[in-house]
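Structural characterization, general
Chain residues, written in single-letter form:
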Amino acid sequence: MAKLYYEADCDLNKLNGKKIAIIGYGSQGHAHALNLRDSGCDVIVGLRRGGKSWPVAEEDGFKVMTVAEATKAADIIMILINDERQAEVYKNEIAPNLSEGKALAFAHGFNIRYKQIVPPADVDVFMAAPKGPGHTVRSQYVVGKGVPCLIAVEQNATGKAYDIALAYLAGIGGARAGILETTMHDETETDLFGEQAVLCGGLVELMRCGYETLVEAGYDPENAYFECIHEMKLIVDLINKGGIAAMNYSISDTAEFGEYYSGGKVLPYEQTKANMKAVLKDIQDGTFAGRWIAENQNGRCFFNSRRDMLANHSMEVVGKKLRDQMLWKNDTNLDNASN
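Here the structure is a predicted model, which means the values were calculated and not measured.

Details of the pattern of salt bridges
- Scanning the model with the defined rule gives 12 salt bridges in all.
- A salt bridge links Arg138 to Asp38; its shortest N-O distance comes to 3.0 Å. One end of the pair, Arg138, is in helix α6 (residues 134-142); the other, Asp38, is in helix α1 (residues 27-38), and 100 residues separate them in sequence.
- We note a salt bridge from Asp237 to Lys233, for which the minimum N-O separation is 2.6 Å.

Details of the environment of Phe110
- Position of Phe110 among the secondary structure elements: in helix α5 (residues 110-113).
- When the C-alpha positions of Phe110 and Thr188 are compared, they lie 5.6 Å apart, and in sequence the two are 78 residues distant.
- Residues within four places of Phe110 in sequence aside, it is in contact with Asp83, Thr188, Leu192, Phe288, Ala289 and Trp292.

Observations concerning the confidence of the model for the protein
- Per-residue confidence for the protein gives a mean pLDDT of 94; residues scoring 70 or more make up 96%.
- Contacts from residues 332-339, a stretch scored under 50 in pLDDT, to residues over four places away or in other chains number 13 contacts.

A few points about the nonpolar core
- Ile22, Phe126, Tyr168 and Ile179 are the most contacted members of the largest nonpolar core, which totals 38 residues.
- Looking at this core element by element, the count peaks at eight residues for helix α7 (residues 161-171).
- Formed by 25 residues, the second largest nonpolar core is a distinct cluster that contains Ala70, Tyr90, Leu98 and Leu150.

Focus on the packing of helix α9 (residues 201-216) against helix α10 (residues 221-250)
- Between α9 and α10, the least distance of the axes is 8 Å, while the angle of their chain directions is 155°. Judged by the inter-axis angle, α9 sits roughly antiparallel to α10. Viewed along their axes, α9 and α10 form a crossing whose handedness is right-handed. Across the interface between the two elements, Leu203, Met207, Gly210, Tyr211, Leu214 and Val215 of α9 pack against Pro221, Ala224, Tyr225, Glu227, Cys228, Ile229 and Met232 of α10.
- Within the contact of α9 with α10, the residues separate by chemical class into 11 nonpolar, one polar and one charged.

What counts as what
Residues numbered from 1 in each chain as written. Predicted model: local features only at pLDDT ≥ 70, side-chain atom pairs only at ≥ 80, totals over all residues. Heavy atoms only, no water. Salt bridge = Lys/Arg side-chain N within 4 Å of Asp/Glu carboxyl O. Helix = DSSP H or I, 4+ residues; strand = E, 2+ residues; numbered from the N terminus. Contact = heavy atoms within 4.5 Å. pLDDT = per-residue confidence, 0-100. Core = buried A, V, L, I, M, F, W, Y, C linked by side-chain atoms within 4.5 Å. Buried < 20%, exposed > 50% of the residue type's maximum accessible area, 1.4 Å probe, protein only. Axes fitted to C-alpha atoms, helices over the stretch in contact; angles between N-to-C directions. Parallel < 35°, antiparallel > 145°, perpendicular 65-115°, else oblique. Left-handed = near helix turned anticlockwise from the far one by under 90°. Nonpolar A, V, L, I, M, F, W, Y, C, P; charged D, E, K, R; others polar.

Here you go:
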């Protein structure tokens, strides 16, 4: 069974005298920087000069430097920019300014797993990965809680990488909830699989198919949206709180019987499993990573066309109109899940 760490296992004092550079100030970047500073750490922010985040970080009270300057100045460099930008920024601005004994950190293992970034042997390399969007990482910290996190040490050049990684995770609040030990290899592959097969790819396709089936059968699009999309959050919240058993306890017996009777008709177990295994194989052998890297190098034509198609789909258009008319549109508990 994987090991779990909590606050008693972490020593924030291990960060005393160390300067931490947060590279990027988006959803995760701002949360890490603010939480670490509130935990008493010495934090600077590294950004592209002239970028839109520069004045935001300055307004939040941080010393902002270029990525190269921040890398030179810091002992720990946490890279929190988008996966597809990391390799170029690392090559041009971070690698030339690394020196022996520094620590290079990530919140996702993509560029290490697929060798887009190959750090020198004399630096520590670790992953500190909250399992939630940055705004939740911040909001949970502010109320004295935390978001569960993953820890992985890829390279322990100094012999102190685990201590530093655990202290870092405690600094962002992760030890309040629990820190699960893994590897960057496993985190990358399971994270990509979960996103593609279930959480994002699989879920969106399931909702879209359900919505279209009802609309094509003559039901009002608004009804279809409520039944196949809006209620998804309510169901997932129940699962998040107490597992599938809690969901089944809360729904009607009719709904639970329908789960058992029709679920396998919609997603035939053997065929769905075979399709998922094919997705996992693409992730494991690098096929997906290669396609994503090439997509970014070639203008993102497929990515942009699919994003436009989704934005113009009836379920998105109808959903926006409904949300604009309903009281829940002002719900301040909804978090931005961007990276």
